[in-house]
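# Structural overview for review
Residue strings, one per chain:
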Amino acid sequence: MPITRPTDPLGRIYAEWTTEFEANPLMSLQMMRWVFEDWQRVTAEPEGVTYRSTTFGGVPGISVEPLAADPREVLLVLHGGGFALGSSASHRKLAGHLAKACGTRAFVADFRRAPEHPYPAQLDDVTAVFEALLAEGISPRDITFVGDSAGASLSVATTLRLLAQDRPHPGQVVTISPWLDMENSGTTLATNDDTDFLITRDGLQGNIDRYLAGGARPTDPLVNPLYADFTGFPRLYITASDSESLYADATRLHERAVAAGADVTFHSASGEQHVFPLQAGLHEAADDAVAAIATWYRTGRAVGAAESTTHTIA
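Parameters and conventions
Residues numbered from 1 in each chain as written. Predicted model: local features only at pLDDT ≥ 70, side-chain atom pairs only at ≥ 80, totals over all residues. Heavy atoms only, no water. Helix = DSSP H or I, 4+ residues; strand = E, 2+ residues; numbered from the N terminus. Rg over C-alpha atoms; globule rule 2.2 N^0.38 Å. Buried < 20%, exposed > 50% of the residue type's maximum accessible area, 1.4 Å probe, protein only. Contact = heavy atoms within 4.5 Å. Lys, Arg positive; Asp, Glu negative; His and termini not counted. Charge placed at Lys NZ, Arg CZ, Asp CG, Glu CD. Axes fitted to C-alpha atoms, helices over the stretch in contact; angles between N-to-C directions. Parallel < 35°, antiparallel > 145°, perpendicular 65-115°, else oblique. Nonpolar A, V, L, I, M, F, W, Y, C, P; charged D, E, K, R; others polar. Phe/Tyr/Trp six-rings, centres within 6.5 Å; stacked < 30°, edge-to-face > 60°. pLDDT = per-residue confidence, 0-100. Salt bridge = Lys/Arg side-chain N within 4 Å of Asp/Glu carboxyl O.

## Some thoughts on the overall build of the chain
Along the backbone of the chain there are nine helices and nine strands. By the compact-globule yardstick of 20 Å for 314 residues, the chain fits well, its C-alpha radius of gyration being 18 Å. Each principal axis of the C-alpha distribution contributes one length, and for the chain these read about 55 × 40 × 40 Å. Here the chain, with 314 residues, has 56% of them falling under the buried criterion. Contacts in the chain between residues at least 24 apart in sequence constitute 79% of all its contacts with a sequence separation of at least 6. Looking at charge distribution, the chain has the averaged site of its 23 positive side-chain charges lying 5 Å from that of its 39 negative ones.

What follows is the structure in structure tokens.
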């Protein structure tokens, strides 16, 4: 059987990382964090976007400001990395592409990471940023949570917690290659193992153990939103590739949202790597994904709160 080899920039970097992880099985968490900063290498620098380091609600991060952005609309971007890796630096360029396409500004939050700060520290930080934006005069409807991988879990879980507490919540939520299953049980972990060059069940379990080090249960709906009730959830966008080991998380999220009558759009790509939109500006599928998110975003802004519908894009 021929060996599957990566052909896209992200796949090649994931293959490089895997080689290093296999050669250094006792690699420290700090070293892994340095490796994951390399994510930014696959994203082109977007033109006409400025950045500045700042804080909202005591949470540091990077403010992303396209020159033509509407300052009244904000994407709150939550980076992936298994709750323990990744940063605002690794994701600022992706945020720049998304904000520019949507015509908004963005803030990439450096929420506290596990295991030094296990669940629910991350949700607390996202909530603090959200409330600081509200205090600045931004309407909840004008704030969109955007999260990839573990950041998608934070986007969804923080929204669920705000809804449960009957507090203001974001008007829209975007999830990219979402990772939600803290039981590590998705069927595509096995079926897509040969086509996903980053994700492994063992690697996921290490991050689960870090995230839940404070004693949270892997079936808690705010830890694992696949157990949550999505009734009343705001407009939701999901994008993932059918080659990803976590593809089953995306399909199950879609099913949960549909069952609750939420307004959810699921974009399924083919043959792409985990968090493939990171390749914006360098890879056609990534640019198409960013454009599709922006179209969905603007549609929601134009029509406002719509009746619950479901759309699936091939």
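## Here we look at the packing of helix α4 (residues 121–135) against helix α5 (residues 150–164)
Where α4 contacts α5, the two axes come as close as 10 Å, and the packing angle between them is 70 degrees. Here α4 is positioned roughly perpendicular relative to α5, judged by the angle of their axes. Of the residues in α5, those in contact with Q122, L123, D124, V126, T127 and F130 of α4 are L154, A157, T158, R161 and L162. Residue composition of the contact of α4 with α5, grouped by class: six nonpolar, three polar and two charged.

## Quick word on the packing of aromatic side chains
This model, assessed by the stated rule, comprises 13 aromatic pairs. Between the aromatic rings of W17 and F36, the centroid separation amounts to 4.5 Å while the plane-to-plane angle is 45 degrees, which identifies the pairing as tilted. Of this pair, W17 sits in helix α1 (residues 9–23) while F36 sits in helix α2 (residues 29–36), and the two are 19 residues apart along the sequence. For the pair shown, W17 and F36 are each scored as buried. When the centroid spacing of 5.5 Å and the interplanar angle of 40 degrees are considered together, the rings of F83 and W179 count as tilted. Highlighted residues: F83 in the loop between β3 (70–78) and α3 (88–102) and W179 in the loop between β6 (172–176) and α6 (188–191), separated in sequence by 96 residues. In this structure F83 comes out as buried when scored by relative accessible area, which is 1%. Pairwise contacts between aromatic rings join Y14, W17, F21, F36 and W39 into one cluster.

## Observations regarding the confidence of the model for the chain
Averaged over all residues, the pLDDT of the chain equals 94, while 95% of them reach at least 70. Throughout residues 305–310 the model reports pLDDT below 50, and contacts reaching past four residues in sequence, or to other chains, amount to 12 contacts.

## Some thoughts on the pattern of salt bridges
Evaluated as defined, the whole model comprises 16 salt bridges. With a shortest N-O distance of 3.0 Å, D124 and R161 are connected by a salt bridge. Highlighted residues: D124 in helix α4 and R161 in helix α5, separated in sequence by 37 residues. Taken together, the shared-partner salt bridges connect E73, R141, D142 and R301 into one network.

## Examining the side chain of S149
For S149, the location among the structural elements is in the loop between β5 (143–148) and α5. The buried category is assigned to S149, whose relative accessible area is 6%. If sequence neighbours within four positions are ignored, S149 has contacts with G80, I176, S177, P178, W179, H274 and V275.

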